[in-house]
Amino acid sequence: SQYSAVDTNPLSVYIMQPIWNKIIKIVPLWIAPNLLTFSGFVMILVNYFLISFYDWDYTASGTSPGLVPTWVWLFSAFTTFCAYALDSIDGKHARRTQSSTPLGELFDHGLDSWATSIFVLSFFSVCSRDNGKTGVSVYTMYIYLSIVLFNFMCSHWEKYNTGVLFLPWGYDISQVVLIAAYLLTGALGVEVWQKPFLFGYYITDALVILLIGFSLFLSFPQTLYNIHRAHLKKTLKNESLYEGLLPLVSPLLLFVLLTVWVVLSPSNILAKQPRLFLWMVGVAFSNIICKVIICQMSSTRPERFHWFLFPLALVVYAAISGLLGWTEEAVLAVLTALVTAAHVHFGVCVGRQLSKHLNIYIFSLKKRVQE
């Protein structure tokens, strides 16, 4: 299917697009667009692992400010900007080199679905965990991450039904806010997040309120409105309600299972291993959304239940019934490793199949020789 996306965000249209149009001129024409996409993703990963090294349990900023060196926050601002730039120019570069392919679209959106959670998990290190005085609780982190992923899911669910990707306004705003937050932290130290900023509220409170407001009152209603409009115009891809709602079944079940585990865990797993747990949430979500993106691109039906849900349901049942006992953390670590390996394996296989099918290389503009 022909790729179509609509971007109406003034920040993007009037400020960022002119910047990207300047940057794109520097990119040599022999570079494959997927290489830009992948480089941006690698930068996000490097940044995430760097922050994890200094702040594994999200307490560094709250307990002893200065545990994370200033250069790390400045590096975060730099990598976030680069990733944002690369993600914004890869499509332009593909059109410039006349190498737009379904593989590129899947590669871009598939990596975005994973990067979305990693951005959020890196940012949590800035505001730190609740230590009684400042910071956000691990439950707030979990809800915050879920809302961001819900937003991402909505825009692709909408595309599944309308065939058009309406780029969410939140994306550009969130990237600019992230970069500003890292620069602010680098310049003033993490203390800036720990002093009330207005009427006894902290900056983090304001960001959480903004995020929830954006999602519930802007993104979600807009998604429903766009689907409704397509229905009136008779341009909906799926006429039956069941078909239209099918892609939401697995992500919602995933959320229910994870929430049950968070709330009923005997060892309070989220508080014990927030980084592992939230990483696992992001990866599992990304894999489910990737399958929806593939269905939407190939006009096929998504499966009702994603296979991750079965092992996850078993683990959650074993955990909350007390069967796992003291091994709960170890089981979470194994599950996280398996889910991550499965997701990477899935990405590599799909990439290879598509590159063979379309007769192109993933990271090079040279044509493959027909075998």
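Basis of the calculations
Residues numbered from 1 in each chain as written. Predicted model: local features only at pLDDT ≥ 70, side-chain atom pairs only at ≥ 80, totals over all residues. Heavy atoms only, no water. Patch = residues over 30% accessible without salt bridge, like charges linked within 9 Å, V, L, I, M, F, W, Y side chains within 5 Å. Areas by Shrake-Rupley, 256 points an atom, 1.4 Å probe, with all protein chains shown as cover. Salt bridge = Lys/Arg side-chain N within 4 Å of Asp/Glu carboxyl O. Helix = DSSP H or I, 4+ residues; strand = E, 2+ residues; numbered from the N terminus. UniProt positions renumbered as here; feature names shortened; annotations may be inferred. Buried < 20%, exposed > 50% of the residue type's maximum accessible area, 1.4 Å probe, protein only. 1 Å grid on protein atoms, 1.4 Å probe; cavity = no way out; pocket = protein on both sides within 12 Å on 5 of 7 lines; lining within 4 Å. Points joined across faces, edges and corners; volume = space filled by probe spheres on them. Nonpolar A, V, L, I, M, F, W, Y, C, P; charged D, E, K, R; others polar. Expected span 1.5 Å × (residues − 1). Bend = angle between axes of the 7 residues up to and from the residue. Contact = heavy atoms within 4.5 Å. Core = buried A, V, L, I, M, F, W, Y, C linked by side-chain atoms within 4.5 Å.

Draft legend 1. Summary view of a nonpolar patch on the surface. Together, V13, Y14, I15, I19 and F81 make up an exposed nonpolar region whose accessible area comes to about 460 Å². Here the nonpolar patch takes four residues from helix α1 (residues 10-23), the largest share from any one element. Assignment of secondary structure puts F81 in helix α4 (residues 70-96).

Draft legend 2. Summary view of the UniProt feature "transmembrane region" (unreviewed entry) in the protein chain. If you check UniProt for "transmembrane region" (unreviewed entry), the listed places come out as residues 26-50, 70-86, 136-154, 199-220, 241-264, 276-294, 306-324 and 330-350 in our numbering. Along residues 26-50 the backbone is 72% helical and 0% strand, and the end-to-end C-alpha distance reaches 29 Å. Note that residues 136-154 is 89% helix and 0% strand, and that its end C-alpha atoms are spaced 26 Å apart.

Draft legend 3. Geometry of the pattern of salt bridges. In this structure the tally under the stated criterion is four salt bridges. E329 serves as the salt-bridge partner of K272, at 3.9 Å between the closest nitrogen and oxygen. Taken together, the residues span a long stretch of sequence, with K272 in helix α10 (residues 269-272) and E329 in helix α13 (residues 328-357) at a distance of 57 residues. Between K291 and E303 there is a salt bridge, and its shortest N-O distance comes to 3.7 Å. Of the two residues, K291 is situated in helix α11 (residues 274-298) and E303 in the loop between α11 and α12 (309-320); the sequence distance between them amounts to twelve residues. For E303, a relative accessible area of 40% puts it in the partly exposed group.

Draft legend 4. Expanded view of the layout of surface pockets. The volume enclosed by the second largest pocket comes to roughly 440 Å³. Lining the second largest pocket are 23 residues, with F107, L111, V344, G347 and V348 positioned closest to its centre. Taken together, the elements giving at least two residues each to the lining of the second largest pocket come down to α2 (33-54), α5 (102-127), α11 and α13. Ranked by residue count, the leading element in the lining of the second largest pocket is α13, at eight residues. Within the lining of the second largest pocket, the residues separate by chemical class into 17 nonpolar, five polar and one charged.

Draft legend 5. Examining helix α8 (residues 203-232) more closely. The end-to-end C-alpha distance of α8, which contains 30 residues, comes to 42 Å, matching closely the 44 Å that a straight helix rising 1.5 Å per residue would cover. The sharpest bend along α8 reaches about 35° and sits at S215. Every buried residue of α8 is listed here: I203, T204, L207, V208, L211, S215, S219, T223, N226, I227 and A230. Buried residues belonging to α8 abut α5, α6 (138-162), β2 (165-166) and α7 (169-188). Positive backbone phi, at 60°, marks K234, one or two positions downstream of α8.

Draft legend 6. Inspection of the nonpolar core at higher detail. By size, the foremost hydrophobic cluster in this structure holds 101 residues, and its most contacted members are F123, W261 and F277. Setting aside residues up to four positions removed in sequence, F277 forms contacts with Y142, L258, W261, V262, I269, L270 and L332.

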